[in-house]
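# Architecture at a glance
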Amino acid sequence: MEYEFSERLQKLPPYLFVRLEEMTAKKRAEGMDIIDFGIGDPDLPTPDVIVDEMYEAAKVNKNQKYSSSAGERDLRVAIADWYKRRYGLDVDPDTEVCVTIGSKEAIFNIAQAFVNPGDTIIAPSPGYPVYSGASTLFNEAKCVKVPLRAEKGWLLDVDECPKGAKMLYLNYPNNPTGTTCDLDYLKKVYKWCQDNDTILCYDNAYCEMTFDGYSAPSILQAGRDAIEFGSFSKTFNMTGFRLGYAVGNKTLIAGLKKCKGQIDSGAPIFIQKAAIKALSLYGKNGEVPEVIKKNMDEYAKRREALVNGLRSFGFDVPMPKGTFYVWFDSKCKTSIEFTEKMLDLGIVVTPGSGFGESAEGYVRIAITQSVDRINEALDRMRKGGF
Ligand SMILES: Cc1ncc(COP(=O)(O)O)c(C=O)c1O
């Protein structure tokens, strides 16, 4: 029998990292020692205290059963409690919180829940590919990619956004640019969405990955009529656990829960128990736990080694205040040209153009390698004529 992908699936471009992985695999097969700064997956381990909790929880029979697609109530309570400690916000664990299987599915499912065919979704460009990819295409929606610009500090300018859009995705600390924003900026975007009847989807996956004393705000501090997605992935080095959450407006959360109710049966309960432990590590007033401080100290050292090294080659590289991405203009005509040059040196970087055409020439480096490996990569670049 001949099988054909649905028209919808055919329209979907291959996911960025799939192509990169293929290119890298080829080099590895040729025997090259690869320094991989590609995908944003922390190399540092999940703290033992979290893994131990999961292990103990997995041994308990009732934790081996189906959860609910909205998540276990004790985790929803823990998330609400964390919002109180971290942001000073009161949220109702029953109506304003939903546990998700990583934040990626929720970013997609919120569109399934609220977007009709022909509706417009606003996606920042460059941006996380799911906004303009699956969220738009699987709902027969139209995506308007609004360019983020270096001269505007990579902040989305709402004056460039089309009125009448159904949904807007926004993400700071930002992947791929590493840009952060303040609460005043979020208030401006929030007001624009309110004035224009646009659902504001705030992707706060990197809220705890910050440097230099900067603390990332929640969109819910700007107003309650929005939905925020959070993740255990980057904060606690738990990407493989697949756990996140959505918090916000009751109707938006109800729509997400209804949609998820048809699709999944919730994240494994033992993983949710581990997440409760993770959140409990934060202090009474939202003080960042030692395990995260230690992580961020390590990333800070890597960030400085890499940024200073790249600057010494003449690149204009901002020191990011958030995320674990270093983002800069490669000075090549195309991002792919630079990516291939680096791959010839056994170094994997992500072409900025993969996050949106407007980022052509830019490159993202995830600091998921030790300082020694970063220095090794810089050495290879130096010897390679940079
Ligand atoms: C901006 C952004 N949002 C969401 C996600 C999804 O994270 P997860 O599904 O692991 O929670 C990522 C992952 O890299 C991301 O970069």
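Structural notes, computed from the coordinates. For clarity, every value in this text was computed on a predicted model and none was experimentally measured.

Strand order in the open sheet formed by seven strands is E2-E8-E7-E6-E5-E3-E4, and the pairing between neighbours is mixed. On the outer flanks of this sheet lie strand E2 (97-100) and strand E4 (142-147), each paired with one strand and no other. Sheet twist, expressed as the average angle between the axes of neighbouring strands with direction ignored, equals 20 degrees. Sheet topology places strand E5 (residues 167-170) next to strand E6 (residues 199-203); four bridges connect them, and they run parallel. Looking at E6, one finds that Leu 168 is bridged to Leu 200. Each of E2, E6, strand E7 (227-231) and strand E8 (244-248) touches helix H9 (residues 250-263); the most contacted strand, E2, lies at about 35 degrees to it.

Moving on to unusual backbone geometry. Of note, the bond from Tyr 172 into Pro 173 is cis; its omega dihedral lies within 30 degrees of zero at -10 degrees. By the element assignment, Pro 173 lies in the loop between E5 and helix H8 (183-195). Cis rather than trans, the peptide bond between Asn 175 and Pro 176 has omega equal to 15 degrees. By secondary structure assignment, the location of Pro 176 is in the loop between E5 and H8. The residue Glu 140 is not glycine, and still its phi comes out positive at about 50 degrees. The residue Glu 140 is located in the loop between helix H7 (134-137) and E4 in this model. For Glu 140, a relative accessible area of 40% puts it in the partly exposed group.

What counts and how
- Residues numbered from 1 in each chain as written.
- Predicted model: local features only at pLDDT ≥ 70, side-chain atom pairs only at ≥ 80, totals over all residues.
- Heavy atoms only, no water.
- Pairing = 2+ DSSP bridges.
- Helix = DSSP H or I, 4+ residues; strand = E, 2+ residues; numbered from the N terminus.
- Axes fitted to C-alpha atoms, helices over the stretch in contact; angles between N-to-C directions.
- Contact = heavy atoms within 4.5 Å.
- Buried < 20%, exposed > 50% of the residue type's maximum accessible area, 1.4 Å probe, protein only.

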